[in-house]
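Residues per chain are reported as follows:
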Amino acid sequence: MADETAAPAAPPQDSRRETMAYAIGVAGWLVPGLGHALMKMWGRAVMCFLTVGMLVILGAGMRGNVFSSGGDDAFDSLGYLADLGTGTFYLVARSLEANGADVSHADGDYGTRFLATAGVLNLLAALHAYEAARGRKA
Amino acid sequence: MNAGIGFKLSHLQSMLLFALLISIAFGFLSRRRPIERVKYIAWSLFLFLLIGVGIGWAMYPFSR
């Protein structure tokens, strides 16, 4: 007798759409705005790229802390996760901050927040692109 | 060696830039029509600044 509790298999079209949505979400994370650009949402794509890019440039220019994987405590690890949210822009922030972080002044402290916010904002945008690709209203 | 880039911003300038950039991003992500986006950005920016300045003044008695 067939197992009636098993969930029915998803139609191939839904499965393909889900895979595409994942790919769009990852693309949006790696390059801010790319997820929306792949769905031809040009305004959102450009604005995601510009706002995340501006936050990263300002944060690095103000010598904020760009966290690395070898953090000493939970806050360092959370900061690293937030910074990683910017995708490839994480590497841009590291290359722009040639003189290292300086959080002994308010500027550097603000810069740290700018960088973390850029990461979280990009994750939000990537999630938005993923949901839009799945067909949710966006 | 690359000397990197450097910005010197005051507290107010930092807050204004932060509020403006986040408001623009939220406006574009959460609204579709241009007029709705502009309204959302203006309202969000106003609230960011109001709450930021409000918290600043609320901390003033404890700052010294």
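Quick caveat: nothing in here was measured; it's all calculated off a predicted structure.

Draft legend 1. The overall build of chain B, seen in detail. Within chain B one finds two helices and zero strands. The C-alpha atoms of chain B give a radius of gyration of 16 Å, which is well past the 11 Å a tight globule of 64 residues would have. Projecting the C-alpha coordinates of chain B onto the three principal axes gives extents of approximately 45 × 45 × 10 Å. Looking at chain B as a whole, 19% of its 64 residues qualify as buried. When the accessible surface of chain B is summed, it comes to about 4700 Å², and 73% of that surface belongs to carbon and sulfur atoms.

Draft legend 2. Region of interest: the interface of chain A and chain B. The interface is formed by 27 residues belonging to chain A together with 23 residues belonging to chain B. Roughly 2300 Å² is buried in total at the junction of chain A and chain B, and carbon and sulfur atoms are behind 69% of that figure. On the chain A side of the interface with chain B, the three residues burying the most area are R44(A), D107(A) and Y110(A), jointly 21% of the side's total. Inspection of the chain A/chain B interface yields one salt bridge. Two residues, D107(A) and K8(B), come together in a salt bridge whose shortest N-O distance is 3.8 Å. At the junction of chain A and chain B, the tally comes to five residue pairs in polar contact (both at pLDDT 80 or more). For the side of chain A that touches chain B, the elements supplying multiple residues, two or more each, are α3 (42-61), α5 (89-96) and α6 (106-133) of chain A. Among the elements that line the side of chain A that touches chain B, the one with the most residues is α3(A), at eleven residues. Here the side of chain A that touches chain B is built from residues that sort into 17 nonpolar, eight polar and two charged.

Definitions and limits used
The numbers attached to residues start from 1 for each chain and follow its sequence in the written order. All chains are assigned letters beginning at A, and all ligands numbers beginning at 1, according to the order in which they are written. Selection of residues for local features in this predicted model requires a pLDDT of at least 70, selection of side-chain atom pairs for listing and counting requires 80 or more, and totals for whole chains, interfaces and linings are taken over all residues. Side-chain measures here rest on the full set of heavy atoms in the structure, leaving out hydrogens and waters. Secondary structure is summarised from DSSP: a helix means a run of H or I of at least four residues, a strand means a run of E of at least two, and numbering begins at the N terminus for each. Each radius of gyration is computed over the set of C-alpha atoms, and the globule rule expresses the reference value as 2.2 Å times the number of residues to the power 0.38. Buried, partly exposed and exposed residues are distinguished by accessible area as a fraction of the type maximum, computed with a 1.4 Å probe on protein chains only: under 20%, between the cut-offs, and over 50%, respectively. Only the protein chains shown count as cover for residues, and all accessible areas are computed by the Shrake-Rupley method using a 1.4 Å probe. Residues count as neighbours in contact if any of their non-hydrogen atoms are within 4.5 Å of one another. Buried area: the accessible area, evaluated with a 1.4 Å probe, that two parts lose upon being put together, summed over both parts. The salt bridge criterion pairs a side-chain nitrogen of Lys or Arg with a carboxyl oxygen of Asp or Glu, the two atoms within 4 Å. Here a polar contact means two N or O atoms within 3.5 Å. Within protein one must be a hydrogen donor candidate and the other an acceptor candidate, and residues neighboring in sequence count only if both atoms are side-chain atoms. Under the scheme applied, nonpolar residues are Ala, Val, Leu, Ile, Met, Phe, Trp, Tyr, Cys and Pro; charged residues are Asp, Glu, Lys and Arg; polar residues are all the others, including Gly.

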